[in-house]
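Residue-level structure breakdown
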Amino acid sequence: MVEKQGTDTVDVVTVGGGAATEPDAAPAVVTDPRSRRAILLTVSIALMAVVASVSGLNVAQPHLAATFDAAQGTVLWIINIYTLTLAALLLPLGAAGDRWGRRPVLVLGLVIFGVANITAAVAPTVELMLASRLLAGAGAAMIMPVTLSVITSTFPGEARSRAIGVWTAVAGGGGIVGMYLSALLVDVATWRWLFALPVVLTVVALASSVTAVPNSRQPANGRYDILGAVTSVVVAVGLTFALHEAPALGWAHPAILVTLGLAVAATGAFVAWELHTPAPCWTCGPSAAVGCPAARCCSSCSSACRRGSRWCSTRTSRSCSAGAAWSRPWG
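Below is a short write-up of the structure. (Residues numbered from 1 in each chain as written. Predicted model: local features only at pLDDT ≥ 70, side-chain atom pairs only at ≥ 80, totals over all residues. Heavy atoms only, no water.)

Quick word on the packing of aromatic side chains
As a reminder of what qualifies: When two rings of Phe, Tyr or Trp (its six-membered ring) have centres within 6.5 Å they constitute a pair, described as stacked for plane angles under 30 degrees, edge-to-face for angles over 60, and tilted for the intermediate range. Helix and strand definitions follow DSSP, with helices as H or I runs of at least four residues and strands as E runs of at least two, each counted in order from the N terminus. Burial classification: accessible surface area is computed with a 1.4 Å probe over protein chains only, and a residue below 20% of its type maximum counts as buried, one above 50% as exposed, and the rest as partly exposed.
Tallied over the full model, the rule gives four aromatic pairs. Measuring from centroid to centroid gives 6.4 Å for Tyr82 and Phe113, while their planes differ by 55°, and the two rings are tilted. Of this pair, Tyr82 sits in helix H3 (residues 72–100) while Phe113 sits in helix H4 (residues 102–121), and the two are 31 residues apart along the sequence. Just as Tyr82 is buried, Phe113 falls in that class too. Each member of the aromatic cluster is reached from another via a ring pair, and the members are Phe68, Trp191 and Phe195.

Quick look at the side chain of Asn117
The following threshold applies: A 3.5 Å cut-off defines polar contacts: any pair of N or O atoms within that distance qualifies, except that in protein one atom must be a possible hydrogen donor and the other a possible acceptor, and neighbouring residues in sequence count only when both atoms are side-chain atoms. Contacts were defined at the residue level, with two residues in contact if any of their heavy atoms lie within 4.5 Å.
Along the chain, Asn117 falls in helix H4. Within the local environment of Asn117, its side chain forms a polar contact with the backbone oxygen of Phe113, the two atoms lying 2.8 Å apart. Other than its neighbours up to four places away in sequence, Asn117 contacts Ser53, Ala136, Phe195, Pro198 and Val199.

A short note on a nonpolar patch on the surface
The following threshold applies: Patches draw on residues past 30% relative accessible area with no salt bridge. Two like charges within 9 Å are joined, as are two nonpolar side chains (Val, Leu, Ile, Met, Phe, Trp, Tyr) within 5 Å. The protein chains shown are the only cover counted for residues, whose accessible areas, like all others here, come from Shrake-Rupley with a 1.4 Å probe. Between Lys or Arg on one side and Asp or Glu on the other, a salt bridge is scored when a side-chain nitrogen of the former is within 4 Å of a carboxyl oxygen of the latter.
Together, Ile226, Val230, Val234, Val258 and Leu262 make up an exposed nonpolar region whose accessible area comes to about 450 Å². Going through the elements one at a time, helix H8 (226–249) and helix H9 (254–276) are the ones with two or more residues in the nonpolar patch. Here Val258 lies in helix H9. Assessed through its relative accessible area of 52%, Val258 is described here as exposed.

Digging into the packing of helix H2 (residues 61–68) against H3
How we decide: Note on geometry: axes are lines fitted to C-alpha atoms, helical ones only across the stretch in contact, with angles between N-to-C directions running from 0 to 180 degrees. Handedness of a crossing is defined here by the sense of rotation of the near helix relative to the far one, left-handed for an anticlockwise turn of less than a right angle and right-handed for a clockwise turn. Ten residue types, Ala, Val, Leu, Ile, Met, Phe, Trp, Tyr, Cys and Pro, are classed as nonpolar, four, Asp, Glu, Lys and Arg, as charged, and the remainder, Gly among them, as polar.
At their nearest, the axes of H2 and H3 sit 9 Å apart, and the two run at 115° to each other. For the pair H2 and H3, the sense of crossing is right-handed. Two secondary-structure elements touch here, H2 through Gln61, Leu64, Ala65 and Phe68 and H3 through Val75, Leu76, Ile78 and Ile79. Taken together, the residues of the contact of H2 with H3 sort by class into seven nonpolar, one polar and no charged.

Structure representation (structure tokens):
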């Protein structure tokens with residue numbers, strides 16, 4: 001059973017196995033508890049796959065270096081390019097999901113994410129590994145914001161608050177689960193098995209999302225905010241690149257200064273544009289009834305990264321100190 005509320009639109013509402021096509025209708029708030037549980041379980045599994053991949057490879061740094069005969073900087077890019085792509089595309093692809101339909105974007109993101117992780121697991125060269133991780137980050141950026149948007153658009157009142165609490169717990173707990181399982185797999189098997197958990201979770205989420213997740217979207221007030229999307233990508237890439245390379249190059253290096261300057265300039269342009277455009281990518285404001293999906297996604301992702309970096313850097317430095325010169329402590 002569904003009831004209509006708010007400003008979203010729903011294309012196909014699937015509840016209890018039935019489908020009703022309602023183009024340009026008001027949003028569908030699912031009132032059936034079993035359907036809400038199925039939706040929450042599906043988006044939680046999809047989110048777990050994304051977050052578990054953020055820090056999983058940290059424990060395999062020496063193994064990656066040995067397999068690909070790669071330098072420390074290359075190994076770090078294999079690990080961080082996923083998070084960089086996720087952070088850079090989170091806002092524009094989240095806005096695309098709200099505009100074009102949350103379920104299609106979620107399904108497409110799961111397919112891309114799953115294929116990319118399978119490719120990374122069997123990658124014979126470092127170039128293919130980097131490309132696979134970048135593609136996985138793009139798929140993750142389609143999945144993560146949509147999982148929260150689905151909750152905010154289909155859960156009513158207090159049920160919505162509880163569901164967001166579950167989403168937040170999964171976003172935080174997924175990183176911890178991913179770290180410990182990754183450490184176990186590296187010890188008992190090989191680093192290539194680190195991609196097994198994300199792939200399995202992706203397959204389960206994909207099978208469930210087709211039937212359990214209703215397709216809703218926000219009405220489009222204008223054309224897609226391309227300028228806002230581009231400037232947000234420049235901000236995320238610039239800041240992440242500077243933080244990644246500054247310990248090696250130094251904060252006074254011209255490349256770091258130029259990158260930071262571009263990021264700061266893009267931040268100003270983004271804020272100014274979003275405040276005046278009629279159809280902004282960033283729709284959060286003080287009057288928002290529910291916490292901003294993009295802000296929550298960014299916060300959860302950065303928290304998982306910080307926890308993963310602290311735990312995994314300690315473990316990795318211990319495992320590498322026995323003789324791998326490339327794994328000397330970071331600056």
